[in-house]
Amino acid sequence: IQSDFDWDEYLRLLGPEAGDPAPAACFKQAAEPPSNHFQLGHRLESRDPRNPDNTCIASVIDRLGPRLRLRLDGSDDRNDFFRLVDSEDLFPHPSGRFIVPPLGFAKSSNYWPGFLEKVKAAGNFAPADCFVRPPASPAKNFFAGGQKLEAIDRKNPLFVCPATVKEVRQDRIFVSFDGWRGAFDYWCRYDCRDIFPVGWCQRAGYPVQPPGNRAPQQPQPQQRYRGKHASGGSSPSPNSGTFSDKSAAASPQLPASSAAAPAA
Ligand code: MLZ
């Protein structure tokens, strides 16, 4: 994962014909990125991403700025997923929801009641104040074609990348990743939690990847004047996750187990 990307410089490179950043009011995201108070190993209730009507127990496998990498208890490490700390899919335990085995529960369903008892006895449930109320949704789709944004690469969900709104249709927008010739593009709703205003992720302590090589390129890091993002001295923010440490942000380490890390 690289983090040496600078929107100001990139937008300058693109020149005046490039679209403006989509205004913050277009997005269902907090005005200020929420603080992440979850700890590794915390348990919580989560919708099963593959079966969203179901509520399961999940564990925090990693914390990355305001994002959590989660694994459903009883599932395997190939179905990890990411959620923001203010996601509408996460609940403190007990929430009163009926807890069911995750899709693909590793053992026979006969084992489920005993498994759930053991998980509950092991406890370590995240306190309720870790959970941040989801942000308000925009009243409607305010996006316009050509606007810039940052978006999660759904094929490599660890990556947040510079992107452009290529099309707007009713409640949906077409997110096109800059410099990748369409290979990672997708349609999503305007209130989708995988898209962010330009600059949001950096403020959150989460690195943004450079665009693919079909976009104008910034000079390589070693040739570059080390600007504001490289200078140390600021104290870690309360958002501190793995990436918000400034020295780590220069060359962040991925967890060795990272199933989401693609070959470059
Ligand atoms: N190196 C990988 C990841 C590309 C990530 C693109 N994100 C929009 C590849 O080339 O497939």
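Structure first, text after, so check above.
Residues numbered from 1 in each chain as written. Predicted model: local features only at pLDDT ≥ 70, side-chain atom pairs only at ≥ 80, totals over all residues. Heavy atoms only, no water.

Undergrad: Explain the overall build of the chain here, please?
TA: Secondary structure assignment for the chain yields four helices and ten strands. The order of helices and strands in the chain, counted from the N terminus, is α-β-β-β-β-β-α-β-β-β-β-β-α-α. Long-range contacts, defined here as pairs at least 24 residues apart, represent 68% of the contacts in the chain between residues at least 6 apart. Per element, the accessible surface of the chain, about 13400 Å² overall, is 52% carbon and sulfur. (Helix = DSSP H or I, 4+ residues; strand = E, 2+ residues; numbered from the N terminus. Contact = heavy atoms within 4.5 Å. Areas by Shrake-Rupley, 256 points an atom, 1.4 Å probe, with all protein chains shown as cover.)

Undergrad: What am I meant to see in the sheet that holds strand E2 (residues 51–64) here?
TA: The five strands lie next to each other as E4-E3-E2-E1-E5, forming an open sheet whose pairing is antiparallel. In the strand order of this sheet, the two ends are held by strand E4 (81–84) and strand E5 (90–91), each with one partner. By the bridge criterion, six bridges tie E2 to strand E3 (residues 67–72) in an arrangement that is antiparallel. Looking across to E3, one finds that leucine 64 is bridged to arginine 67. (Pairing = 2+ DSSP bridges.)

Undergrad: Which parts of the structure should I look at to understand the pattern of salt bridges?
TA: Opposite charge on two side chains permits pairing when their charged atoms draw close. One pass over the full model with this rule turns up 15 salt bridges. When the shortest N-O distance is used, the salt bridge between lysine 28 and glutamate 88 registers 2.8 Å. Taken together, the positions of lysine 28 in the loop between helix H1 (7–14) and strand E1 (43–48) and glutamate 88 in the loop between E4 and E5 put the pair 60 residues apart, joining distant regions of the chain. Overall, lysine 28 belongs to the buried group, its relative accessible area being 14%. Look at glutamate 88 and you get partly exposed, because its relative accessible area is 25%. (Salt bridge = Lys/Arg side-chain N within 4 Å of Asp/Glu carboxyl O. Buried < 20%, exposed > 50% of the residue type's maximum accessible area, 1.4 Å probe, protein only.)

Undergrad: Would you mind going over the nonpolar core with me for this structure?
TA: A general feature of soluble globular proteins is that nonpolar side chains tend to end up buried together. Ranked by internal contacts, the top residues of the largest apolar core, which has 36 residues, are Phe143, Ile173, Val175, Phe177 and Ile195. Here this core gets four residues from one element, more than from any other, and that element is strand E7 (residues 160–169). Leaving out residues up to four positions away in the same chain, phenylalanine 177 has contacts with Ala151, Ile152, Asp153, Cys161, Pro162, Ala163, Phe184, Asp185 and Tyr186. Counting residues in each nonpolar core, the second largest holds 15 residues, with Leu44, Ala58, Val60 and Cys130 among its members. (Core = buried A, V, L, I, M, F, W, Y, C linked by side-chain atoms within 4.5 Å.)

Undergrad: Would you take a moment to explain the pairing of strand E9 (residues 186–189) for this structure?
TA: Two faces belong to every sheet, and in a regular strand the side chains alternate between them. Of the two faces of E9, only one is covered, namely that formed by Tyr186 and Cys188; the face formed by Trp187 and Arg189 stays uncovered. In the sheet, strand E8 (residues 172–177) pairs with E9 via four bridges, with the strands oriented antiparallel. Its bridge partner lying in E9, phenylalanine 174 is registered against tryptophan 187.

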